[in-house]
Amino acid sequence: MSSSPLGRPIVAVKPIAVPAPGRGVELQVKVTALLSGQDLPVIVFSHGNAWSLDGYEPLVDRWAAAGFVVVQPTHLDSRRNGIGWEDPRFATIWRVRITDIHAVLDGLGDILRQAGDLETRVDHERIAVVGHSWGAQTAGAILGARVLDAEGVPGEDFSHSAVSAGALIAATGTGDTLTPFAIEHLPFMRPDYSTMTTPALVIAGGEDRSQLSTRGPEWFTDAYHFSPSPKALFTIAEGEHTLGGVAGEMAAETTDEDPARVALVADAISAYLHDAFKLNDAAWTALNNAAAAGDGTWSITSK
């Protein structure tokens, strides 16, 4: 048990095994939640490349304190599995990631029972998916985005009926400006957002410059611009790819360490989801008002 950033005690249970036939490596998840409370909404979180269920505590603890039950799977690309770019399994990991999220959503009741009394304390009608970086593309597929093949034909529909909202942090843009490295190793990085109909918040950094695309930071806003409404875009002007350190402020990948920025990302997602779930619109309204009256450090656009 630990005390959350907002002073409300939370508890995390790990690892919980989830049935995943044919995966080769056991699918494990971590569940984080308040010690008490009823009708808690759920966030299923997909991590960025190489991370695991042990990352992203600055976000997860804050969401749990805000009343969400957070479920974090470890995907095959986690460092602990040792599957690198040249491994023949790497080419299909993007699909396994999506299958992981489906397995979590389909087995949510059993996962929550293994985490204590949570199965009776959650609101099964209010489930969101959230992801960062590669995890954002994974989450986007659950929200309805598809992957274009080499001929530009949209692939399979991976959306899940249990999910009614989501948030994408530093989501991959469209695939027409991929660098040679990305074309060779990440050909699946060609999302089609035109079918992503589920309500979602897109969070982008104004200084996020990817080595996978020849475009600049606006690449990370494609999920907002090319998807149908309702959507919202939360832009942090000085944010880079980890937006202050969402995976953990001290992580080597963090180039713009700023705990306050991480808290802003976490709180924006909590506020958006509470509004999207029609639980409470006060925090989301307050953020929009603050953005309108602010100095441009961060902004919100909606459609």
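Look up: the structure comes first, before these words.
Quick caveat, the model's predicted, so the values are computed rather than measured.

K.L.:
Is there a simple way to think about unusual backbone geometry in this case?
P.N.:
Glycine aside, residues mostly have negative phi angles, and peptide bonds mostly take the trans form. Cis geometry marks the peptide bond from Lys14 to Pro15; its omega dihedral reads -15 degrees. The linkage connecting Ser229 with the following residue, Pro230, adopts the cis geometry, with an omega of 5 degrees. Relative to the helices and strands, Pro230 is located in the loop between helix 6 (222–225) and strand 11 (231–236). Here the phi dihedral of Asp39 falls at roughly 55 degrees; this positive angle occurs in a residue that is not glycine. Take Asp39: it is sitting in the loop between strand 3 (27–34) and strand 4 (40–46).

K.L.:
Where do I start with the packing of aromatic side chains in this structure?
P.N.:
Two aromatic rings, taken as a pair, are described by how far apart their centres are and by the angle between their planes. In total, this model carries ten aromatic pairs according to the counting rule given. Ring centres 4.7 Å apart and planes at 55 degrees place the aromatic pair Phe45 and Tyr56 in the tilted group. With Phe45 in strand 4 and Tyr56 in the loop between strand 4 and helix 1 (57–65), this residue pair connects regions lying eleven residues apart in the sequence. Exposure remark for Tyr56: the relative accessible area of 0% places this residue in the buried category. Taking 5.1 Å as the distance between ring centres and 75 degrees as the angle between the ring planes, the aromatic pair formed by Trp219 and Phe220 counts as edge-to-face. Here the two residues Trp219 and Phe220 agree in accessibility, since each one is buried. Taken together through their ring pairs, the aromatic side chains of Phe90, Trp94, Trp134, Phe158 and Phe188 make up a single cluster. Between the NZ or CZ atom of Arg97 and the centre of the ring of Trp134, over which it lies, the distance is 4.5 Å.

K.L.:
I would appreciate a short explanation of the pattern of salt bridges in the present structure.
P.N.:
Working definition: two side chains of opposite charge can pair if their charged atoms are close together. Tallied over the entire structure, the rule returns 18 salt bridges. Taking the shortest distance from any N to any O, the salt bridge between Arg95 and Glu156 comes out at 3.0 Å. Here Glu156 lies in the loop between strand 7 (146–147) and strand 8 (165–169) and Arg95 lies in helix 2 (residues 93–106), a separation of 61 residues in the sequence. Among the ionic pairs, Arg261 bridges to Glu238, the shortest N-O distance being 3.9 Å. In this pair, Arg261 is assigned in helix 7 (residues 259–276) and Glu238 in the loop between strand 11 and helix 7, connecting sequence segments 23 residues apart. Note on Arg261: relative accessible area 12%, which makes it buried. One network of salt bridges, with partners in common, ties together Glu238, Asp256, Asp258 and Arg261.

K.L.:
Where do I start with the side chain of Ser213 in this structure?
P.N.:
Along the chain, the position of Ser213 falls in the loop between strand 10 (200–205) and helix 6. At a separation of 3.1 Å, a polar atom in the side chain of Ser213 contacts the main-chain amide nitrogen of Arg215. Look past the residues within four positions of Ser213 in its chain and what remains in contact with it is Thr177, Leu178, Thr179 and Trp219.

K.L.:
Could you clarify how one ought to interpret the packing of helix 7 against helix 8 (residues 282–293) in this entry?
P.N.:
Any two packed helices are characterised by the angle at which their axes cross and by the distance between the axes. Contact geometry of helix 7 with helix 8 gives a least axis separation of 7 Å together with a crossing angle of 125 degrees. Considering the angle they form, helix 7 stands oblique to helix 8. Helix 7 and helix 8 meet at a crossing whose hand is left-handed. Here Leu264, Asp267, Ala268, Ala271, Tyr272 and Asp275 of helix 7 lie close against helix 8, whose contacting residues are Ala283, Trp284 and Leu287. A breakdown of the residues in the contact of helix 7 with helix 8 according to their chemical character gives seven nonpolar, no polar and two charged.

K.L.:
What exactly am I supposed to notice about helix 7 here?
P.N.:
Because each turn of an α-helix spans 3.6 residues, side chains separated by three or four positions end up pointing in the same direction. The end-to-end C-alpha distance of helix 7 is 26 Å, a good match for the 26 Å that 18 residues give at a rise of 1.5 Å each. Within helix 7, 13 of the 18 residues are buried, which leaves it mostly tucked inside the rest of the structure. For helix 7, the capping residue at the N-terminal end is Asp258, with a side-chain oxygen 3.1 Å from the backbone nitrogen of Ala260. One or two steps after helix 7, the chain reaches Lys278, where phi turns positive at roughly 60 degrees.

K.L.:
How should I be thinking about the nonpolar core in this particular structure?
P.N.:
Within soluble globular proteins, side chains that are nonpolar generally end up buried alongside one another. One finds Val31, Val69 and Val71 to be the most contacted residues of the largest nonpolar core, which totals 57 residues. Residue contributions to this core peak at seven residues, all from helix 2. Among residues more than four places away in sequence, those in contact with Val69 are Val31, Thr32, Ala33, Leu40, Pro41, Val42, Ile43, Leu112, Leu118 and Val122. Within the second largest apolar cluster, 37 residues are counted, among which are Tyr56, Ala271, Phe277 and Ile300.

Conventions used here
- Residues numbered from 1 in each chain as written.
- Predicted model: local features only at pLDDT ≥ 70, side-chain atom pairs only at ≥ 80, totals over all residues.
- Heavy atoms only, no water.
- Helix = DSSP H or I, 4+ residues; strand = E, 2+ residues; numbered from the N terminus.
- Phe/Tyr/Trp six-rings, centres within 6.5 Å; stacked < 30°, edge-to-face > 60°.
- Buried < 20%, exposed > 50% of the residue type's maximum accessible area, 1.4 Å probe, protein only.
- Lys NZ or Arg CZ within 6 Å of the ring centre and 35° of its normal.
- Salt bridge = Lys/Arg side-chain N within 4 Å of Asp/Glu carboxyl O.
- Polar contact = N/O pair within 3.5 Å; in protein donor to acceptor, adjacent residues only side chain to side chain.
- Contact = heavy atoms within 4.5 Å.
- Axes fitted to C-alpha atoms, helices over the stretch in contact; angles between N-to-C directions.
- Parallel < 35°, antiparallel > 145°, perpendicular 65-115°, else oblique.
- Left-handed = near helix turned anticlockwise from the far one by under 90°.
- Nonpolar A, V, L, I, M, F, W, Y, C, P; charged D, E, K, R; others polar.
- Expected span 1.5 Å × (residues − 1).
- Core = buried A, V, L, I, M, F, W, Y, C linked by side-chain atoms within 4.5 Å.

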